[in-house]
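Examination of the molecular architecture
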Amino acid sequence: MRAEGTEQELGRIIDGQAIARSIRDELAVEVAALAEGGIVPGLAVILVGDDPASAVYVASKERACREAGMHGVTIKLPAETTQQALLEHVHALNADPAIHGILVQMPLPRHIQSDAIIRAIDPRKDVDGFHPINVGKLLIGERDGFAPCTPAGVQELLARCGVETAGKECVIVGRSNIVGKPMMSLLVQDARWANATVTVCHRHTKDLAAHTRRADIVIAATGRPGLLTADMVKRGVVVIDVGINRVEDAAHAKGYRIVGDVDFESVRPVASWITPVPKGVGPMTIAMLMKNTVRAATLIAAARGETCSFAGRGIA
Ligand code: GUN
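Owing to the predicted nature of the structure, the values given are computational and were not obtained by experimental measurement.

Another point: the packing of aromatic side chains. In total, this model carries zero aromatic pairs according to the counting rule given. We note Arg246 situated over the ring of Tyr256; from NZ or CZ to the ring centre the distance is 4.1 Å.

Leu103, Val104, Gln105, Met106, Asp128 and Phe130 make up every residue found near the ligand. Contacts to the ligand include Val104, whose backbone N or O atom sits 2.8 Å from a nitrogen atom. Between Asp128 and the ligand, the recorded distance is 2.6 Å, taken from a side-chain N or O atom to a nitrogen atom. Contact with the protein chains covers 83% of the free accessible surface of the ligand, which is 280 Å². Residue composition of the shell around the ligand, by class: four nonpolar, one polar and one charged.

So, on to the nonpolar core. Core analysis: the largest hydrophobic core is formed by 53 residues, its most contacted members being Val154, Ile219, Ile240, Val242 and Met290. With sequence-adjacent residues up to four places away left out, Ile219 is seen in contact with Val154, Cys170, Val171, Ile172, Val173, Met183, Leu187, Ile240 and Val242. Counting residues in each nonpolar core, the second largest holds 20 residues, with Leu77, Leu86, Ile99 and Ile118 among its members.

A separate point is the sheet that holds strand 8 (residues 237–241). In spatial order, the strands read 1-11-8-7-5-6; together these six strands make up an open sheet with parallel pairing. Across the chains shown, the open sheet's two edge strands, defined by having one partner strand only, are strand 1 (12–13) and strand 6 (197–201). Note that strand 7 (residues 217–220) and strand 8 share four bridges and pair parallel. If you follow Ile217 over to strand 8, its bridge partner there is Val238.

Read from one edge to the other, the open sheet built from three strands follows the order 3-2-4, with strand pairing classed as parallel. Looking at which strands have only one partner, the edges of the open sheet turn out to be strand 3 (71–77) and strand 4 (101–104). The average undirected angle you get between the axes of adjacent strands in this sheet is 15 degrees. The sheet contact formed by strand 2 (residues 42–48) and strand 4 spans four bridges and is parallel. Each residue of the ladder has a partner; that of Ile46, found in strand 4, is Val104.

Rules used throughout
Residues numbered from 1 in each chain as written. Predicted model: local features only at pLDDT ≥ 70, side-chain atom pairs only at ≥ 80, totals over all residues. Heavy atoms only, no water. Phe/Tyr/Trp six-rings, centres within 6.5 Å; stacked < 30°, edge-to-face > 60°. Lys NZ or Arg CZ within 6 Å of the ring centre and 35° of its normal. Near = heavy atom within 4 Å. Polar contact = N/O pair within 3.5 Å; in protein donor to acceptor, adjacent residues only side chain to side chain. Areas by Shrake-Rupley, 256 points an atom, 1.4 Å probe, with all protein chains shown as cover. Nonpolar A, V, L, I, M, F, W, Y, C, P; charged D, E, K, R; others polar. Core = buried A, V, L, I, M, F, W, Y, C linked by side-chain atoms within 4.5 Å. Buried < 20%, exposed > 50% of the residue type's maximum accessible area, 1.4 Å probe, protein only. Contact = heavy atoms within 4.5 Å. Pairing = 2+ DSSP bridges. Helix = DSSP H or I, 4+ residues; strand = E, 2+ residues; numbered from the N terminus. Axes fitted to C-alpha atoms, helices over the stretch in contact; angles between N-to-C directions.

This is the structure in structure tokens:
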């Protein structure tokens, strides 16, 4: 789609699935090289309870690891698991030399304090990037920690599509610890594919549209289906939709369909680039989780003196 009277191309879709596939293929090559040195990156995922959406994510994480030649373990625990029992699992994984990355799937049942679990994970194995040590490293621009997978995946998408971020107005809608805040930390850094002027909006923001309308890049991560509409963005905007929302739809076999936070049909014609849901940001989260796990394995092996290659956090 080419806009009349301007050279700017509009309506281009960012194919997150294809980009994630390239990253996974690149990682499979790295994993094979590590295997020659006797290192097999290992990821352990802990799932507490039987939330069906979480079970789907966890299964795809394990499958992706195996496919790349990595060691993947899933520990499924009943919803009644005590905080102490969960902590004991984390401690055992911290001490397990075959495991380089630990992920405890969120949300956890209400009787478990997530922050106590996150703090128990060895920061060197915290491939989710949720431990305060890694959160702090990301914020101050130290590149030897781990960035959370979803915002890291968004940055990678921007980089691989050649979307310049330096000097751009970037508006993030949503301030979660998993997406909004780390996204802000990544894009504000003095670094390649960063150097943006970042605004973080949330439910107390007075006039959301006034912010999104002046944005060159909008990143929506609110969990509110169809929140961002065409009248809220300027022509040529880059739109990244992090939302994964189930909406009832009798026309679908499952009785629901998955939509993002962006009204895709109305926004696409005015955006220069836009991610779809599904097949946009979602597949990138898993690819970045694998990337973090391979880095964790490399760093842990280097610390043990098993290999000398340095793996700083870096993108494309
Ligand atoms: N739940 C939703 N997204 C994530 C994620 O990136 N990591 C974990 N551990 N739980 C999640």
